[in-house]
Amino acid sequence: MMMENRNSVAIRYCTQCRWMLRAAWMGQELLTTFEGELAELVLQPGTGGVFEIKANDKLVWSRKDRGRFPEITELKQLIRDEIAPGKHLGHSDRKSEG
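The rules behind the values
- Residues numbered from 1 in each chain as written.
- Predicted model: local features only at pLDDT ≥ 70, side-chain atom pairs only at ≥ 80, totals over all residues.
- Heavy atoms only, no water.
- Helix = DSSP H or I, 4+ residues; strand = E, 2+ residues; numbered from the N terminus.
- Buried < 20%, exposed > 50% of the residue type's maximum accessible area, 1.4 Å probe, protein only.
- Contact = heavy atoms within 4.5 Å.
- Axes fitted to C-alpha atoms, helices over the stretch in contact; angles between N-to-C directions.
- Parallel < 35°, antiparallel > 145°, perpendicular 65-115°, else oblique.
- Left-handed = near helix turned anticlockwise from the far one by under 90°.
- Nonpolar A, V, L, I, M, F, W, Y, C, P; charged D, E, K, R; others polar.
- Core = buried A, V, L, I, M, F, W, Y, C linked by side-chain atoms within 4.5 Å.

Caption draft 1: Structural context of the environment of Val50. Locating Val50 in the fold gives a position in the loop between β2 (38–46) and β3 (51–55). For Val50, a relative accessible area of 15% puts it in the buried group. In sequence terms Val50 and Arg18 are 32 residues apart; their C-alpha atoms lie 11 Å from each other. Apart from residues lying up to four places away in sequence, Val50 is in contact with Arg12, Tyr13, Cys14 and Trp19.

Caption draft 2: Summary view of the packing of helix α1 (residues 20–33) against helix α3 (residues 72–83). Running from amino to carboxyl end, α1 crosses α3 at an angle of 50°, the nearest separation of the two axes being 11 Å. By the angle class used here, α1 and α3 are oblique. The crossing of α1 and α3 is right-handed. Between α1, through Trp25, Met26, Glu29, Leu30 and Thr33, and α3, the contact on the second element is made entirely by Ile72, Leu75, Lys76 and Ile79. Across the contact of α1 with α3, the residue classes break down as six nonpolar, one polar and two charged.

Caption draft 3: Summary view of the nonpolar core. Residues Val9, Ile11, Phe51, Ile53 and Ile79 are the most contacted members of the largest nonpolar core, which totals 23 residues. Here Phe51 is in contact with Ile11, Arg12, Tyr13, Trp19, Arg22, Ala23, Met26, Trp61, Ser62, Arg63, Phe69 and Pro70, once residues within four sequence places are set aside.

Here it is, written out as structure tokens:
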């Protein structure tokens, strides 16, 4: 039931780097994929080159730590592992190589 759903995702992005569109696109992809599992998705403007994604307050991606942006399939897998471990992601569920 939607009212019981408490999962949240937050995407913090750098406004100086003009990463809002990237953050919004990733957010849209996550909202579409996890429409039954997410209660909210928040875009948080930041500065200093920040691009971090949290699921239920747990950091699942940091551009600073990893040195790159996530691939969308990789991000979906990370979010799924946190909020809906049993969910099958279809074509996004292939194991990424590397």
